Amino acid sequence: MLESLNGLPGFDAGTFRNIHGAGTQVNSIRINPEKNPGTNTTNQSLFQIDSGYWQLNSSPVQWNQYGRYLDKRPSYTLDPLLHAGAYYVQEASSMFIAFAVNQLLNEKENLKALDLCAAPGGKTTLLASLPQFNLVLANEVIASRVNILYENLVKWGSPHVFISRNDPAAFGSLTGYFDFMLIDAPCSGSGLFRRDPEAIKEWSPQQVNYCAARQQRILEDALPALKTGGLLFYSTCSYSKEENEDIVDWLCEHHQYTSLRLKIPSEWGIAESVSPETGAFGYRFYPDKIKGEGLFLACLQKKNEVYSPGWKSRPVEKADRTLYPILQPWLRESGYSFLKREENVIVLPSELEEEQAVLAANVQLRKSGTLAGTVIRNELIPEHELALSLMIAEKIPVLEVDLENAIRFLRKEILASDGLQKGWTLVSFAGLNLGWIKVLSGRINNYYPANWRITMSK
Ligand code: SAM
């Protein structure tokens, strides 16, 4: 592999080899800007004990204002803040995508984004927190990976994120629909070899060629869904030219794309590459040059293409109007649409109602809007999605718990019910919601989703 990388921009065999041999690991998280845990609380999460209060004491990632490096890897699973969606554990190089979006789509808003290869959802949560996008569709074709994508996105809480589970070919029917497309393609994975040295055994030139052919197929299938003038971000965690610059050359030669160049401070250590055939720009991250893992990113714009947009649409039935006064008190603001899905009600920002109808008719949706719950005898039986959502009202009864009780709740164990009013109550840690309990006379029912509960011991 090292031989195949010789001569690539920014590649330095000596320092690259040394950093892979050194055994250092870089730990980083990205904070959810819309879920900041209270700083005035006496609660201590494990996170705080391990590495100091992460908001205040950890060092910043240069290209992302919400990125933080941690001195050592804490036990994330035992930190309630992770389960509340306060942060996402993300490799630092990937966070650069936000920098590129902000530079190229500065001042733009109301854009529709597709994250085509989305699981487990790191880059979707990043796109969801950018002001440019008012709809983010996270797609994942591998069925077994959709669940973790769903869990991570429910925790993040953004109301405008949808999830689909389609082969890229399904997006052919959404011709010209998206303003922005991220294709973070499956690849040979060399950029993660420092983290997972075992994976080095899987690497071969044949595998690189196999991945490159698959990347072309994925792109070819999905590209019609990008509108003229729309931006395509293509990324991999491979160092191989065949999966990076060569793919970008192919896009520019055969698919009417032009390359966009980024202005990046040179002291960040990110290497700019120029593709051999069309001179397209790409950005290479090497762990011996930056504090993060291997990444390649190219930003491209779709040139003129002749097509006639017009998408199938399948409007979803609205919830019965008589339910509105029951639902509204659970929500922070007015201006949401209430849609019916079987016995459940979905809450959606009203401006996305039409988009929901288009997406429902063209792709297989796993999540659209936020599942609020079921109304039975004029009472809402709330769903977990609602507890974690940014749309939830502030005035719902809350049980603020300490670290020990937060972990008990997340293990789906029983909490003490002394002094609590009967009814649905949010369990909250450091001011952030973890889920629902229902207080009954003399006991509490814990509604934390059984398949998400923490099973690990200390
Ligand atoms: N973007 C994700 C993130 O930031 O968390 C990581 C994506 S990972 C590099 C590539 C994803 O592509 C995987 O989730 C994988 O299941 C999916 N994938 C595999 N084969 C695919 C195919 N033929 N078409 C589309 N996606 C595929």
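Note that the coordinates shown come from a computational prediction; the quantities given were computed from them, not determined experimentally.

Novice: Help me out: how do you make sense of the packing of aromatic side chains in this one?
Specialist: Centre distance and the angle of the planes are the two values used to describe a pair of aromatic rings. In the structure shown here, the tally under the stated rule is 22 aromatic pairs. When the centroid spacing of 5.1 Å and the interplanar angle of 80° are considered together, the rings of F16 and Y239 count as edge-to-face. Pair noted here: F16 is in helix α2 (residues 13–21) and Y239 is in the loop between β9 (226–236) and α10 (245–254), with a separation of 223 residues, a long-range link. As far as burial versus exposure is concerned, F16 and Y239 are alike and both buried. Through successive ring pairs, a cluster of aromatic residues spans W63, F96, F99, W268 and F285.

Novice: Is there a simple way to think about helix α14 (residues 403–410) in this case?
Specialist: Each α-helix turn comprises 3.6 residues. Residues three or four places apart therefore point the same way. If you check which residues of α14 are buried, you get L403, A406, I407, F409 and L410. When α14 is viewed along its axis, its buried side chains cluster within an angular range of 160° and face the same direction. Directly beyond the C-terminal end of α14, a positive phi value near 70° is found at K412.

Novice: Just checking my understanding: could you explain the sheet that holds strand β2 (residues 59–61) for this structure?
Specialist: Backbone hydrogen bonds hold the strands of a sheet together, and the pairing may be parallel or antiparallel. Pairing is antiparallel across the open sheet formed by four strands, whose spatial order is β2-β3-β1-β4. Two strands bound the open sheet, and with one partner strand each, they are β2 and β4 (87–89). Here the strands of the sheet are splayed against their neighbours by 40° on average, with no regard to which way each runs.

Novice: Teacher, can you tell me more about the side chain of S94 here?
Specialist: Note that S94 resides in the loop between β4 and α6 (96–104). You can call S94 buried: its relative accessible area is 7%. Discounting residues that sit within four places of it in the chain, S94 has contacts with K123, L126 and L295.

Novice: How do you make sense of the nonpolar core when you look at a structure like this?
Specialist: A general trend in soluble globular proteins is that nonpolar side chains are found buried together. The biggest cluster of nonpolar side chains holds 100 residues, and the ones touching the most others in it are W63, F96, L127, F133, F180 and F233. Each residue touching F180, except ones within four places of it in the same chain, is listed here: V101, L105, K112, A113, L114, L127, F133, L226, L231 and F233.

Novice: What is the right way to read empty space enclosed by the protein from this model?
Specialist: To find the voids left in a structure, one rolls a probe of water-molecule size over its atoms. By the definition in use, this model includes one cavity of 30 Å³ or more. Lining the largest cavity are L153, V154, G157, S158, K367, T370, E385 and S389. Taken together, the residues of the lining of the largest cavity sort by class into two nonpolar, four polar and two charged.

Novice: When you look at the pairing of strand β7 (residues 161–164) in this model, what are you seeing that I'm missing?
Specialist: The side chains of a regular strand alternate, residue by residue, between the two faces of the sheet. Going residue by residue along β7, you find V161 and I163 tucked away on one face and F162 and S164 tucked away on the opposite face as well. Relative to β7, strand β6 (residues 133–139) runs parallel, the two sharing four bridges. By the bridge assignment, V136 is partnered in β7 with V161. Chirality of the crossover, the property in question, places the unit of β6, helix α8 (residues 143–156) and β7 among those that are right-handed. One ladder, built from two bridges, connects β7 with strand β16 (residues 365–367); its direction is antiparallel. Bridge pairing in β16 places S164 opposite L365.

Novice: Just checking my understanding: could you explain the site of the ligand for this structure?
Specialist: Contacts to the ligand come from 16 residues, most closely from C117, G122, E140, R145 and D184. Side-chain polar atom of E140 to an oxygen atom of the ligand: 2.6 Å apart, as the coordinates give it. Considering the ligand on its own, with 600 Å² of exposed area, one finds that the protein chains cover 84% of that surface. The pocket occupied by the ligand, as judged from atoms lying within 2 Å of grid points, is the largest pocket.

Novice: Quick question: what am I supposed to make of the layout of surface pockets here?
Specialist: The computed volume of the largest pocket comes to approximately 1,200 Å³. As for the largest pocket, its lining consists of 47 residues, and the residues nearest its centre are A119, P120, R145, D184 and C237. At the level of secondary structure, the elements contributing two or more residues to the lining of the largest pocket comprise β1 (27–31), β4, α7 (122–128) and α9 (205–222). In terms of residues, the lining of the largest pocket owes the most to one element, α9, which gives five residues. Of the residues that constitute the lining of the largest pocket, the class distribution is 21 nonpolar, twelve polar and 14 charged. A volume near 390 Å³ is recorded for the second largest pocket. Along the walls of the second largest pocket sit 20 residues, with L82, I148, E151, N152 and K155 positioned nearest its centre.

How each quantity is defined
Residues numbered from 1 in each chain as written. Predicted model: local features only at pLDDT ≥ 70, side-chain atom pairs only at ≥ 80, totals over all residues. Heavy atoms only, no water. Phe/Tyr/Trp six-rings, centres within 6.5 Å; stacked < 30°, edge-to-face > 60°. Helix = DSSP H or I, 4+ residues; strand = E, 2+ residues; numbered from the N terminus. Buried < 20%, exposed > 50% of the residue type's maximum accessible area, 1.4 Å probe, protein only. Arc of directions from axis to C-beta. Pairing = 2+ DSSP bridges. Axes fitted to C-alpha atoms, helices over the stretch in contact; angles between N-to-C directions. Contact = heavy atoms within 4.5 Å. Core = buried A, V, L, I, M, F, W, Y, C linked by side-chain atoms within 4.5 Å. 1 Å grid on protein atoms, 1.4 Å probe; cavity = no way out; pocket = protein on both sides within 12 Å on 5 of 7 lines; lining within 4 Å. Points joined across faces, edges and corners; volume = space filled by probe spheres on them. Nonpolar A, V, L, I, M, F, W, Y, C, P; charged D, E, K, R; others polar. Right-handed = clockwise from strand over helix to strand, strands pointing away. Near = heavy atom within 4 Å. Polar contact = N/O pair within 3.5 Å; in protein donor to acceptor, adjacent residues only side chain to side chain. Areas by Shrake-Rupley, 256 points an atom, 1.4 Å probe, with all protein chains shown as cover. Sits in = over half its atoms within 2 Å of the grid points.

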